[in-house]
Amino acid sequence: MTSQTTPAPIIQMQSIEKHFGSVIALAGVSVDVYPGECHCLLGDNGAGKSTFIKTMSGVHKPTKGEILFEGEEMHFDDPRDAITAGIATVYQDLAMIPLMSVARNFFMGNEPTKKIAGMTFFDRKVADEVTMREMKQMGINLRGPDQAVGTLSGGERQTVAIARAVHFGAKVLILDEPTSALGVRQTANVLATIDKVRKQGIAVVFITHNVRHAMAVGDRFTVLNRGKTLGTAKRGEIGPEELQDLMAGGQELVALEGSLGGTV
Amino acid sequence: MSETTQLKPAADERVKKMSSFRRALIRPELGGICGTIAVFTFFVLFAFDSGMFNSQGVLNWSTVSAQFMIIAVGACLLMIAGEFDLSVGSMIGFAGMMIAIFSVTLGWPIWVAIIVSFVLCVAIGALNGFIVVRTGLPSFIVTLATLFILRGFTIYFPQTLENKTIIGGIRDHAEGDWLASVFGGKVLTGFFTWLGNNGLISTFERGTRQGDPVVDGIPMLIVWAIILVIFGHILLTKTKFGNWIFASGGDAQAARYVGVPVNRVKILMFMFTAFCATIFATCQVMEFGSAGADRGLLKEFEAIIAVVIGGALLTGGYGSVLGAALGALIFGVVQQGLFFAGVESSLFRVFLGVILLLAVILNTYIRRMITGER
């Protein structure tokens, strides 16, 4: 495992708490992520997965707890700070803007510029070239850089978003349920992309509630339940059934599984 | 394109191939281009002899079109950024009235009156934007409130201060003012005199101005319209900020997550819309020499119609400034052309409605082809 060869974690979330008014969304969650590993964050709906990764990516500020990035304590005021530090997030529905071209989406918020007569312009030529090259590397052949994202499939959109994050120097890539709305083949493509990214030494935080997807690419697994961590397990130390039980809080699912004939 | 087709993986076999001609044709402005061609063809066939295409005729419809263009550019960029401004018409009335009050009633030099009015109106635009992004209310409602508030003040101030709703006498104040001529003057007068002297355009045949060309220059209004269209087009398609405008209107949340300052973009676009409305108002005040409380009525809808004819999506994230300019041109040409063609003027609205409907249907079809919407 890559995490053993590079022992220093790139990001450490220490006893993170997040309260929204009287609701305690996170009650002390600690997770370490190492470069080059795919860290799966599992949990049922309402477990606090989204709140947790939004804290990691600078959308929310933790009520209590510390975020150490490359060993130093960080305070992110907004997502831009986190992106600058090297933490990129790909959100499930919000990865891309369908009305805009792939090239415009790819460089959204990070547009390359050139100067003409002292004025700054968007360098479309560079944007188009880089987009085509990066897309080809990820195995997506575009009709042209001006093709609208709306014409791509869901899996391709996720892949474009991942390629974008990697291109802009992400050290930690957070993927928020990238496979939950996808078909089988598209899911396989996205999982393959995750593997490519991990091999480049980037830490991947993969949020999902699908144990099979997690088992396919994950190096380590952390299960969240009702705002708390139920521990982290390495690949091979835990089986899919056990993960499934942990996610749903154990006993309830055992009872349910009985009534459904073990199909959950 | 054959090169990419060969490299395409199996998943792409369902994407239809497109000829390069068709790709060049499918642009957001296509609806506007077709409309412009249709409208000009129509009037060349039915009103060619009416004087619509001699120098005065051309000046007539191009001035009206330029008016629409000025407010359409602002409305277009704002609409692409995902917001509306219904207060444009009231803003035109208000800005004009402020210039009149500052210069005529308060006796300020006209350039001070113009600059202060610009600052005031752009600040109101910023307030519109600030309220919209802060409260998250639809801009439709917020600017509807501004529509009434500004119109109310536009009637209240002159009535209270001067006991009338039209303030005149601005032309005397504007005489020789450097800034007034930027809005009320004419350019290329020498060129038009030359054209007149060489018999290329018609000249006055008698009277004190005998021998002078009937059209003696291009009004600054048209110059402003051209400058704004070029500026808007370059801003939208060639700059980083233009990409942010598309992103803010396309999906504000997605744009925020990648670090686009969506709120700033939207507020700036509200300010730009107010700026365009004030340019319109200043040109109008300088042309008429007066400001009236009912100026600019319904202009917000005319601006929106021009923008929509030009291919912009009402919900934001898609559109073109050149398209909006063509929409404004269609609007102006139809409005004035029907007059030249001797058509009953009330039919103008019927015409406009039909064009709007056809343009929107065509635009929706084109947009779906480009963006793969269903």
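Here the structure is a predicted model, which is why all the values come from computation and not from measurement. (Residues numbered from 1 in each chain as written. Chains lettered and ligands numbered in written order. Predicted model: local features only at pLDDT ≥ 70, side-chain atom pairs only at ≥ 80, totals over all residues. Heavy atoms only, no water.)

**Concerning the overall build of chain A**
A count of helical and extended segments in chain A gives ten helices and twelve strands. Here the C-alpha atoms of chain A give a radius of gyration of 19 Å, agreeing with the 18 Å that 2.2 N^0.38 yields for 264 residues. On the principal axes, the C-alpha backbone points of chain A span a range of 70 × 40 × 40 Å. Expressed as a percentage of its 264 residues, the buried residues of chain A come to 52%. Long-range contacts, defined here as pairs at least 24 residues apart, represent 66% of the contacts in chain A between residues at least 6 apart. As presented, chain A carries roughly 11,600 Å² of accessible surface, and 50% of it is formed by carbon and sulfur atoms. Of the charged side chains in chain A, 27 are positive and 29 negative, and the gap between their average positions amounts to 7 Å. (Helix = DSSP H or I, 4+ residues; strand = E, 2+ residues; numbered from the N terminus. Rg over C-alpha atoms; globule rule 2.2 N^0.38 Å. Buried < 20%, exposed > 50% of the residue type's maximum accessible area, 1.4 Å probe, protein only. Contact = heavy atoms within 4.5 Å. Areas by Shrake-Rupley, 256 points an atom, 1.4 Å probe, with all protein chains shown as cover. Lys, Arg positive; Asp, Glu negative; His and termini not counted. Charge placed at Lys NZ, Arg CZ, Asp CG, Glu CD.)

**Here we look at the sheet that holds strand S1 (residues 11-20) of chain A**
All names here are of chain A. Spatial ordering of the open sheet is given by S2-S1-S4-S5, a layout of four strands whose pairing is antiparallel. Edge positions in the sheet fall to strand S2 (23-33) and strand S5 (72-73), since each of these pairs with one other strand and no more. Bridge count for S1 against strand S4 (residues 64-69) is five bridges, and the pairing is antiparallel. What sits directly across from Gln 12, in S4, is Leu 68. Its contacts with the sheet put helix H2 (residues 49-56) on S1, S2 and S4, and the angle it makes with S1 is roughly 120°. (Pairing = 2+ DSSP bridges. Axes fitted to C-alpha atoms, helices over the stretch in contact; angles between N-to-C directions.)

**Some details on the side chain of Thr 282 of chain B**
All names here are of chain B. For Thr 282, the location among the structural elements is in helix H14 (residues 262-288). A polar contact is formed between the side chain of Thr 282 and the backbone oxygen of Thr 278, at a distance of 2.6 Å. Leaving out residues up to four positions away in the same chain, Thr 282 has contacts with Ile 99, Ile 114, Phe 118 and Phe 183. (Polar contact = N/O pair within 3.5 Å; in protein donor to acceptor, adjacent residues only side chain to side chain.)

**Digging into the domain arrangement of chain A**
All names here are of chain A. The domains assigned to chain A are domain 1 (2-96 + 172-260) and domain 2 (97-151). Counting residues at the interface gives five residues for domain 1 and seven residues for domain 2. Counting the surface lost from both domain 1 and domain 2, the interface buries some 500 Å², and carbon and sulfur atoms represent 59% of this. Across the domain 1-domain 2 interface, the total number found is zero residue pairs in polar contact (both at pLDDT 80 or more). A total of three residues in the side of domain 1 that touches domain 2 trace back to one element, the largest contributor, which is helix H7 (residues 184-199). Partitioned by chemical class, the residues of the side of domain 1 that touches domain 2 number two nonpolar, one polar and two charged. (Domains from an automatic or database assignment. Buried area = accessible area lost by both parts, 1.4 Å probe. Nonpolar A, V, L, I, M, F, W, Y, C, P; charged D, E, K, R; others polar.)

**A look at the packing of helix H4 (residues 55-80) of chain B against helix H11 (residues 220-238) of chain B**
All names here are of chain B. Across the interface, H4 lies against H11 with an axial gap of 8 Å and an inter-helix angle of 30°. If you check the angle between H4 and H11, you find them roughly parallel. Crossing of H4 over H11 shows left-handed handedness. Of H11, the residues touching H4 (which contributes Leu 59, Ser 62, Thr 63, Ala 66, Gln 67, Met 69, Ile 70, Val 73, Leu 77 and Ile 80) are Leu 221, Ile 222, Trp 224, Ala 225, Leu 228, Val 229, Gly 232, Leu 235 and Leu 236. Grouping the amino acids of the contact of H4 with H11 by side-chain chemistry returns 15 nonpolar, four polar and no charged. (Parallel < 35°, antiparallel > 145°, perpendicular 65-115°, else oblique. Left-handed = near helix turned anticlockwise from the far one by under 90°.)

**Section: the pattern of salt bridges**
According to the stated counting rule, one finds eleven salt bridges over all chains in the structure shown. Linking Asp 195 of chain A and Lys 199 of chain A is a salt bridge whose minimum nitrogen-to-oxygen distance equals 2.8 Å. Taken together, the residues span about one helical turn, with Asp 195 of chain A and Lys 199 of chain A both in helix H7 at a distance of four residues. Here Glu 302 of chain B makes a salt bridge to Lys 299 of chain B, at a shortest N to O gap of 2.9 Å. (Salt bridge = Lys/Arg side-chain N within 4 Å of Asp/Glu carboxyl O.)

**Points about the sheet that holds strand S3 (residues 38-43) of chain A**
Residue and element names in this part refer to chain A. On the basis of which strands lie adjacent, the open sheet formed by six strands has the order S6-S9-S10-S3-S11-S12 and mixed pairing. A strand with exactly one partner marks an edge of an open sheet, and here the two such strands are strand S6 (87-90) and strand S12 (228-234). The sheet shows a mean angle of 20° between the axes of neighbouring strands, direction not considered. By the bridge criterion, four bridges tie S6 to strand S9 (residues 172-176) in an arrangement that is parallel. In the sheet register, Ala 88 faces S9, and the bridge partner there is Leu 173. Along the sheet face, H2 touches S3, S6, S9, strand S10 (203-208) and strand S11 (220-225) and points at about 140° away from the line of S3. Sitting on the sheet, helix H9 (residues 240-247) is in contact with S3, S11 and S12, with an inclination near 25° to S11.

**As for the packing of aromatic side chains**
Where two aromatic rings form a pair, the distance of their centres and the angle of their planes describe that pair. Residue and element names in this part refer to chain B. Under the defined criterion, the tally for this structure stands at 26 aromatic pairs over all chains. Ring geometry for Phe 40 versus Trp 61: centroids 5.4 Å apart, planes at 70°, classification edge-to-face. Placement of Phe 40 in helix H3 (residues 30-47) and of Trp 61 in helix H4 is noted, with a sequence separation of 21 residues between them. An aromatic cluster of at least three residues, connected via ring pairs, comprises Phe 118, Phe 183, Trp 224, Phe 231, Phe 272 and Phe 275. (Phe/Tyr/Trp six-rings, centres within 6.5 Å; stacked < 30°, edge-to-face > 60°.)

**Thoughts on the interface of chain A and chain B**
Tallying the contact residues gives 32 residues for chain A and 39 residues for chain B. Each partner contributes to the roughly 3,000 Å² buried at the junction of chain A and chain B, and carbon and sulfur atoms together form 58% of this total. Counting every contact that joins chain A to chain B gives zero salt bridges. At the junction of chain A and chain B, the tally comes to six residue pairs in polar contact (both at pLDDT 80 or more). Put simply, the parts of the chain that give the side of chain A that touches chain B at least two residues each are helix H3 (79-85), strand S8 (119-122), helix H5 (124-137) and helix H6 (154-167) of chain A. In terms of residue class, the side of chain A that touches chain B is made up of 15 nonpolar, seven polar and ten charged.

**A few points about the nonpolar core**
Counting 110 residues, the largest nonpolar core has Ile 70, Phe 183, Ile 245, Met 269 and Met 286 of chain B as the members making the most contacts within it. Counting 44 residues, the second-largest nonpolar core is a separate cluster that includes Leu 42, Ala 161, Leu 182 and Ile 238 of chain A. (Core = buried A, V, L, I, M, F, W, Y, C linked by side-chain atoms within 4.5 Å.)

**Comments concerning the layout of surface pockets**
Here the largest pocket is characterised by a volume of approximately 850 Å³. Contributing to the lining of the largest pocket are 33 residues, with Ser 101, Arg 124 and Asp 146 of chain A together with Pro 28 and Ile 370 of chain B lying nearest its centre. Here the lining of the largest pocket takes four residues from H11 of chain B, the largest share from any one element. Residue composition of the lining of the largest pocket, by class: 16 nonpolar, eight polar and nine charged. (1 Å grid on protein atoms, 1.4 Å probe; cavity = no way out; pocket = protein on both sides within 12 Å on 5 of 7 lines; lining within 4 Å. Points joined across faces, edges and corners; volume = space filled by probe spheres on them.)

**As for the environment of Leu 326 of chain B**
All names here are of chain B. For Leu 326, the position within the fold is in helix H16 (residues 321-340). Through-space distance from the C-alpha of Leu 326 to that of Ala 341 is 21 Å; in sequence the pair is 15 residues apart. What Leu 326 contacts, discounting residues up to four positions off in sequence, is Glu 29, Gly 32, Ile 33 and Thr 36.

**A word on a nonpolar patch on the surface**
All names here are of chain B. A cluster of nonpolar residues, Trp 111, Ile 115, Val 119 and Trp 178, forms a patch on the protein surface that exposes about 410 Å² of accessible area. Per-element tally for the nonpolar patch: the top contributor is helix H6 (residues 110-135), with three residues. Structurally, the position occupied by Trp 111 is in helix H6. (Patch = residues over 30% accessible without salt bridge, like charges linked within 9 Å, V, L, I, M, F, W, Y side chains within 5 Å.)

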